[in-house]
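# Secondary and tertiary structure notes
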Amino acid sequence: MTERESREEREEREAREEREERERLRAVFEAVLAGALAGRGVPTCLGLDGDTDEALWAVESARPDVPPALVEAARRAFAGQLDGTNAARQRERIARRFARPAG
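Residues numbered from 1 in each chain as written. Predicted model: local features only at pLDDT ≥ 70, side-chain atom pairs only at ≥ 80, totals over all residues. Heavy atoms only, no water.

Of note, the amide linkage connecting Arg63 to Pro64 takes the cis form, showing an omega dihedral of 10°. As for its position among the elements, Pro64 is in the loop between α2 (50-61) and α3 (68-83). (Helix = DSSP H or I, 4+ residues; strand = E, 2+ residues; numbered from the N terminus.)

This is how it looks when you write it as structure tokens:
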């Protein structure tokens, strides 16, 4: 951010960057899903979260006759990544794991 960038300009830039990142992730997801359906495995370190990776591995593991429900589950997991529900669920799991017992 330059010193002269206004708050409005900064917000517009951040919104544009967020849209671009979502589009990039969507393209990655679609490519990985296609690969899983074709039996090419599920590469890691591409920006997909654990829930999405697990759902994609379930698709790949079910080959050659992948039930449509597994593909839909992968799409739901990815939607959860985009809307933040997967991350929120993970934070809750971690908080419960490290919560102090009462008493």
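Moving on to α3. With 16 residues, α3 should reach 22 Å at 1.5 Å per residue; the first-to-last C-alpha distance of 22 Å fits that figure. Every buried residue of α3 is listed here: Val71, Ala74, Ala77, Phe78, Gly80, Gln81 and Leu82. Check the buried side of α3 and you find it contacts α1 (7-37), α2 and α4 (85-98). The first or second residue beyond α3 is Gly84, which carries a positive phi of 90°. (Expected span 1.5 Å × (residues − 1). Buried < 20%, exposed > 50% of the residue type's maximum accessible area, 1.4 Å probe, protein only. Contact = heavy atoms within 4.5 Å.)

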